[in-house]
Amino acid sequence: MARSFFPQMNPVTVKKLRRFRSIKRAFYSALILFFLVILSLFAELLVNSRAVVVWYDGALSFPTYSAVRTGADFGLDYQYEVNYRELQQLFQKQNQGNWLIMPPVPYNPYEQDFSAENSPPHPPSVAKKHYLGTDVSGRDILARLVYGFRIAIGFAFMTMFLCFLIGVSFGSMMGYYGGRFDIISQRFIEIWSMVPTLYVIMIMVSVIRPNFMLFVGINVLFGWIGMTWYMRTMTYREKSREYVLAAQAQGASTFRIIFHHILPNTMVMIVTLAPFAIVGNITQLTALDFLGLGLMPPTPSWGELLQQGKSNMEAYWILGSVVSAIVLVLTMVTFIGEGIREAFDPRQHTRYI
Amino acid sequence: MADSPLLQVEHLYHSFSVGNGFLKKQNTLQAVSDVSFSLAQGETLGIVGESGCGKSTLGRALLRLYQPTSGTIRFLGEDITHLTKKQMKRVRRKIQMVFQDPMESLNSRHTVYDILSEPFAIHKLGTTAERIKWVDELLTRVGLPTSSAALYPHEFSGGQRQRIGIARAIALQPDLLVCDEAVSALDVSVQAQVINLLLDLQEQMKLTIIFISHDLSVVKHISDRIAVMYLGRFVELAPAEELYHSPQHPYTKALISAIPVADPKRKMKRIVLQGDVPSPMHPPSGCPFHPRCPYAAESCKVTAQHLAALDSDAIRFAACDRIKLINN
């Protein structure tokens with residue numbers, strides 16, 4: 001009987017997941033994207049101006065996650081943060097057994113590299129380890145792409161989560177209670193959805209200059225509406241089924257009926273909509289950043305890179321890399337969305353009697 | 001009949017409003033009208049009628065799944081018609097329901113364990129270990145292997161699913177079980193098994209059962225008394241045997257004559273009713289059965305009929321004041 005503690009997955013769900021796996025491009029897109037997201041969580045170890053490991057005077061240290069260490073800590077004559085790239089060359093020259101390992105891309109997304117004679121943007125160069133070149137301010141493009149990806153994905157997931165949380169709760173309440181509550185809420189939503197979202201976001205952003213969380217909040221303010229339509233309809237349909245009546249006859253609370261009984265039955269739709277919501281959110285963020293009305297500079301951002309690329313067409317590597325990155329990521333997410341839609345298609349799994 | 005009835009229903013009405021536009025006129029559909037009966041502990045009352053006659057609505061109104069428009073429901077002497085949701089929760093432990101289609105009434109996203117332990121979770125009874133034990137007991141009781149707990153409803157056959165539905169209904173050891181077309185969706189052979197299960201459980205747990213069905217032979221098999229419904233009203237209420245042997249109300253006569261008998265030699269005089277069931281939104285005046293009644297008189301179009309005792313012992317009731325005339 002121990003099995004009932006950990007009931008195995010619903011066989012229908014297992015079937016759906018198998019089917020998703022059999023849709024190759026969706027499955028591999030999911031794998032790659034998952035891998036990229038995991039990698040981006042450790043971006044500090046891969047793309048950073050701080051060394052990963054330092055061996056100095058017989059002691060190991062990991063500057064990535066430790067406090068700032070000044071030049072003086074390493075016997076140099078300055079009090080600001082040590083330049084690990086120069087320190088690495090110094091260690092090699094001194095040859096006293098000290099060493100350090102730099103990340104594969106030894107630049108952070110904020111620092112400006114003016115070391116070359118001519119002014120930036122610099123074209124890609126393996127020797128200088130600017131694998132995708134630098135932007136107009138001399139910042140490494142790969143570094144900005146990686147950190148920009150992390151921010152964009154973080155933004156997309158967080159916005160989606162909050163939008164779905166509000167949209168699902170509100171939508172299912174509308175569907176479940178019906179009647180006057182439903183009518184009044186729907187009118188409110190209709191009015192609210194008439195607000196020209198993009199303009200209002202632009203105005204709000206230029207007035208309050210938001211940080212990341214506030215920016216997510218502003219986008220959620222207008223993003224939750226779409227979900228309520230779907231949830232309302234689904235709940236309305238599920239509500240009239242007998243299992244809801246059975247739960248009521250048991251004395252179940254409204255909360256329990258909505259979240260324990262109805263929600264699992266609408267999960268398919270929520271899961272199917274999620275990838276498309278993510279695509280939408282990434283596009284939204286990129287568009288706003290492109291217009292300079294997104295996250296505050298110097299936050300690494302794809303939209304801002306796009307803007308630079310557009311203004312500096314001769315520096316083809318800027319536009320080239322950011323457009324490829326956007327196209328790749330959005331295509332993969334769309335493939336995943338398609339795959340989920342295909343795999344979870346109720347026509348594949350429902351028997352109509 | 002015992003002196004204090006388990007359930008006492010007085011003049012119960014339930015109507016639905018149809019069409020809820022701002023400017024449209026609202027129509028009311030009288031699904032249950034003027035139903036009164038009382039039910040002794042351990043008794044089985046069968047309710048039969050054509051589809052759309054209000055049987056299910058009556059069953060749901062008894063559980064307060066629908067709020068009755070008027071009338072009172074007394075359970076163990078307590079008026080439960082206007083209890084709040086919170087107060088009702090206590091009563092719900094004692095009145096449970098078995099639904100028609102187990103595929104619909106069991107949540108397909110939940111395992112059997114989830115389904116059967118939910119009554120305990122809702123009423124906050126027992127620890128997890130106890131609940132597991134209780135679910136095992138319930139499964140054994142309804143004749144399913146305990147290993148079913150980890151499975152999902154769609155992995156069972158129709159009859160097994162209905163057993164799960166019954167197990168859920170008896171989980172809290174109710175006094176009253178309302179079976180709404182509980183076997184109508186099943187094969188005939190499976191019907192018999194499920195009915196026998198219900199009868200066994202009734203004996204073991206001293207259950208009182210209200211058995212709603214359109215199938216006269218099933219109802220006859222299980223019920224002590226039978227109520228015949230027509231357009232939301234009880235037209236006849238009598239002990240099962242007597243109802244079948246000597247139906248009194250013209251509608252009951254027609255119903256009984258329509259039961260197929262497995263005897264090719266037997267000649268049956270079948271009463272075929274004319275016309276359709278009138279729309280419950282615009283019920284006929286007077287006796288609702290008069291447009292189809294072969295014995296209807298002019299007075300039937302005017303006088304409303306109420307359930308009245310036919311004998312001095314108040315065992316048989318019928319809603320027709322011309323019964324004596326008709327049957328002589």
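Details of the structure are given in the entry above.
The rules behind each value
- Along every chain, residues carry numbers that run from 1 in the direction the sequence is written.
- Whichever chain is written first becomes A and whichever ligand is written first becomes 1, with later ones labelled in order.
- Owing to the predicted nature of the model, reporting of local features is limited to residues with pLDDT of at least 70; listing and counting of side-chain atom pairs is limited to 80 or more, with chain, interface and lining totals taken over all residues.
- Only strands that DSSP links by at least two bridges are regarded as paired with each other.
- Counting from the N terminus, the helices are the DSSP runs of H or I reaching at least four residues and the strands are the DSSP runs of E reaching at least two.
- Angles here are taken between N-to-C directions and fall from 0 to 180 degrees, while the axes themselves are lines fitted to C-alpha atoms, restricted in helices to the stretch in contact.
- By the convention adopted here, residues are in contact when the distance between their C-beta atoms, placed from the backbone, does not exceed 7 Å.
- Note that Gly is not counted as nonpolar here; it falls among the polar residues with everything else outside the nonpolar set of Ala, Val, Leu, Ile, Met, Phe, Trp, Tyr, Cys and Pro and the charged set of Asp, Glu, Lys and Arg.
- The span expected for a helix works out to 1.5 Å for each residue beyond the first.
- Linking buried Ala, Val, Leu, Ile, Met, Phe, Trp, Tyr and Cys residues through C-beta atoms within 7 Å yields a set, and such a set is a nonpolar core.
- Three classes are used. A residue is buried when 20 or more other C-beta atoms lie within 10 Å of its own, exposed when 12 or fewer do, and partly exposed in between, with C-beta atoms placed from the backbone.
- Note on convention: near helix rotated counterclockwise from far helix by under a right angle means a left-handed crossing. Clockwise means right-handed.

A. Here's a closer look at the sheet that holds strand β2 (residues 59-61) of chain A. Residue and element names in this part refer to chain A. The strand order β2-β1-β3 describes an open sheet built from three strands, whose pairing is antiparallel. Taken across any chain shown, the strands that pair with only one partner, and hence form the sheet edges, are β2 and β3 (99-101). With strand direction ignored, the average angle separating the axes of adjacent strands in the sheet is 10°. With three bridges joining them, strand β1 (residues 53-56) and β3 adopt antiparallel strand pairing. Each bridged residue has a counterpart across the sheet, and for valine 54 the counterpart in β3 is leucine 100.

B. Inspection of the interface of chain B and chain A at higher detail. Chain B puts 25 residues into the contact, and the matching count from chain A is 21 residues. Put simply, the parts of the chain that give the side of chain B that touches chain A at least two residues each are α2 (85-92), β6 (95-98), α3 (102-105), α4 (112-122) and α5 (128-141) of chain B. Element by element, the count of residues in the side of chain B that touches chain A is highest for α4 of chain B, at four residues. Taken together, the residues that form the side of chain B that touches chain A break down as twelve nonpolar, six polar and seven charged.

C. Quick look at helix α9 (residues 225-239) of chain A. The end-to-end C-alpha distance of α9 of chain A is 21 Å, a good match for the 21 Å that 15 residues give at a rise of 1.5 Å each. Elements in contact with the buried residues of α9 of chain A: α5 (141-177), α6 (179-193), α10 (242-250) and α11 (254-290) of chain A.

D. Structural detail: the sheet that holds strand β5 (residues 78-79) of chain B. All names here are of chain B. The strand order across the open sheet formed by four strands is β2-β1-β4-β5, and the pairing between neighbours is antiparallel. Strand pairing shows two members of the sheet lacking a second neighbour, β2 (27-39) and β5, which therefore form its edges. Judged from the two bridges that link them, strand β4 (residues 70-75) and β5 form a sheet pairing that is antiparallel. Within β5, the position partnered with arginine 74 by the bridge is aspartate 79. Strands β1 (7-18), β2 and β4 of the sheet are contacted by helix α1 (residues 55-62), whose axis makes an angle of about 65° with β2.

E. Structural view of the nonpolar core. Membership of the largest hydrophobic core comes to 94 residues, with the highest contact counts inside it found for Ala167, Val178, Cys179, Ala227, Val228 and Phe234 of chain B. Broken down by element, the residue count for this core peaks at six residues, all from α10 of chain A. For alanine 227 of chain B, the residues in contact, after removing those within four places along its chain, are Phe37, Leu45, Ile47, Phe234 and Leu237 of chain B.

F. Summary view of the packing of α10 of chain A against α11 of chain A. All names here are of chain A. The interhelical angle for the contact between α10 and α11, taken along N-to-C directions, is 145°, at an axis separation of 11 Å. Viewed along their axes, α10 and α11 form a crossing whose handedness is right-handed. Facing α10, whose interface residues are Tyr243, Val244, Ala247 and Gln248, α11 presents Ile257, His261 and Ile262. Looking at the contact of α10 with α11, its residues break down into five nonpolar, two polar and no charged.

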